[in-house]
Amino acid sequence: MSAYLDQVPAANSALVLFSGGQDSSVCLAWALDTYDRVETIGFDYGQRHAIEMTIRQNLLSRFRDVYPLARARLGEDHVCDLKGFGAVAESSLTRESAIVMTERGLPSSFVPGRNLVFFVYAAAVADRRGIDHLVGGMCETDFSGYPDCRAETLKAMETVLNLGVERPFTIDTPLMYLNKAQTWALSQDLGGEALVDLIVEESHTCYMGERGERHPWGYGCGDCPACQLRKTGFEHFLEMKQHAER
Ligand code: ZN
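Undergrad: Describe the nonpolar core, with residues and values.
TA: In globular proteins that are soluble, nonpolar side chains generally tend to be buried together. With 66 residues, the main nonpolar core has Leu 28, Phe 63, Tyr 67, Phe 119 and Leu 134 as its most contacted residues. With residues near it in sequence (within four places) discarded, Phe 119 still touches Leu 17, Leu 134, Gly 136, Met 138, Leu 154, Met 157, Leu 161 and Ile 171.

Set out below in structure tokens:
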């Protein structure tokens, strides 16, 4: 993990859970627009595809090229090694198997308690950095049945962190009630075509780690649940734009 205490963030600062996916990229843009100083945190929990970890570094440096607020406000990136958690909470994102619906009605890609663990680590880093706002890309609208993405869960998590760390944390989830088309529209509002293009080109969503073929909506296998959501969301976003231009 990088040095924590080498600089003191401004009072109005945020820590963004940044995986390098579409949602966390839009969250990063939102946080840069909202707060004076923004730091990022990423988690290596032994994902099947190391591609996520390399992509996020590239995305962070490209953000400074295309999103002016990033040049002034984007600070340190923190990477936490959570491979031990990945080993305990094995799912189809951390081992080689197809994504199927389980008997509980959850996709096998569900990693039990993943977002809760992420927020505990984020709070530990944020506390040492003097940061009160934690930002995550969780979303109920495209709810895949992940119980740790619900607004209710994250509200409770906020209370737990406030009590357990004794710091007035807020958990911001700007995408909570947006569908994927609206998420693309938010990136357009925040950073125009340049930001949309950056997220299409450089962010990674595919569960299969596929980056061979470039589709209009970005890279991916096109078939896994994450690609399907990203593809249909982008198509709806383009339809919305065409409709607005008419
Ligand atoms: Zn895919």
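Further notes follow.
Undergrad: Give me the pattern of salt bridges: which residues, what numbers.
TA: For the structure on display, the rule yields 15 salt bridges. Where Asp 44 meets Lys 83, a salt bridge forms, and the shortest distance between an N and an O atom there is 3.2 Å. Separated by 39 residues along the polypeptide, Asp 44 in strand 2 (residues 37-44) and Lys 83 in helix 4 (residues 83-88) bring together distant segments of the chain. Overall, the relative accessible area of 19% leaves Asp 44 in the buried class. Looking at Lys 83, the relative accessible area reads 44%, which means it is partly exposed. One salt bridge in this structure joins Glu 76 and Arg 129, with 3.9 Å as the shortest N-O distance. Of this pair, Glu 76 sits in strand 3 (residues 74-81) while Arg 129 sits in helix 5 (residues 114-129), and the two are 53 residues apart along the sequence. One exposure class covers both Glu 76 and Arg 129, and it is buried. Among the ionic contacts, a cluster of salt bridges with common partners joins Arg 37, Glu 39, Glu 76 and Arg 129.

Undergrad: I'd like a description of the sheet that holds strand 3, backed by residues and values.
TA: If you trace the five strands from one edge of the open sheet to the other, you get 3-2-1-4-5, paired in parallel fashion. Each edge of the open sheet carries a strand with a single partner, namely strand 3 and strand 5 (170-172). Within the sheet, the average angular offset between the axes of one strand and its neighbour, ignoring direction, is 25°. The pairing of strand 1 (residues 13-17) with strand 4 (residues 133-135) spans three bridges and is classified as parallel.

Undergrad: Could you give an account of the environment of Ala 151, with specific residues and numbers?
TA: As for its placement among the helices and strands, Ala 151 is situated in helix 6 (residues 151-166). For Ala 151, the contacting residues outside a window of four places in its chain are Glu 140, Met 176 and Tyr 177.

Undergrad: For the coordination of the zinc ion, give the residues involved together with the corresponding values.
TA: Those protein atoms acting as donors to the zinc ion are Cys 206 (SG), Cys 221 (SG), Cys 224 (SG) and Cys 227 (SG), and they sit at 2.3 to 2.4 Å. Coordination at the zinc ion is tetrahedral, judged from the four donor atoms that bind it and the angles of 105 to 116° they form at the metal. Look at where the donors of the zinc ion fall in the sequence and you get C-x14-C-x2-C-x2-C. Within this pair, whereas Cys 206 is found in the loop between helix 7 (180-202) and strand 6 (214-215), its partner Cys 227 is found in helix 8 (residues 225-245), the two being separated by 21 residues in sequence.

What counts and how
Residues numbered from 1 in each chain as written. Predicted model: local features only at pLDDT ≥ 70, side-chain atom pairs only at ≥ 80, totals over all residues. Heavy atoms only, no water. Core = buried A, V, L, I, M, F, W, Y, C linked by side-chain atoms within 4.5 Å. Buried < 20%, exposed > 50% of the residue type's maximum accessible area, 1.4 Å probe, protein only. Contact = heavy atoms within 4.5 Å. Salt bridge = Lys/Arg side-chain N within 4 Å of Asp/Glu carboxyl O. Helix = DSSP H or I, 4+ residues; strand = E, 2+ residues; numbered from the N terminus. Pairing = 2+ DSSP bridges. Axes fitted to C-alpha atoms, helices over the stretch in contact; angles between N-to-C directions. Donors = N, O, S within 2.8 Å, 3.2 Å for Na, K, Ca; no water. Tetrahedral: all angles 85-135°; square planar, octahedral: opposite > 155°, others 65-115°.

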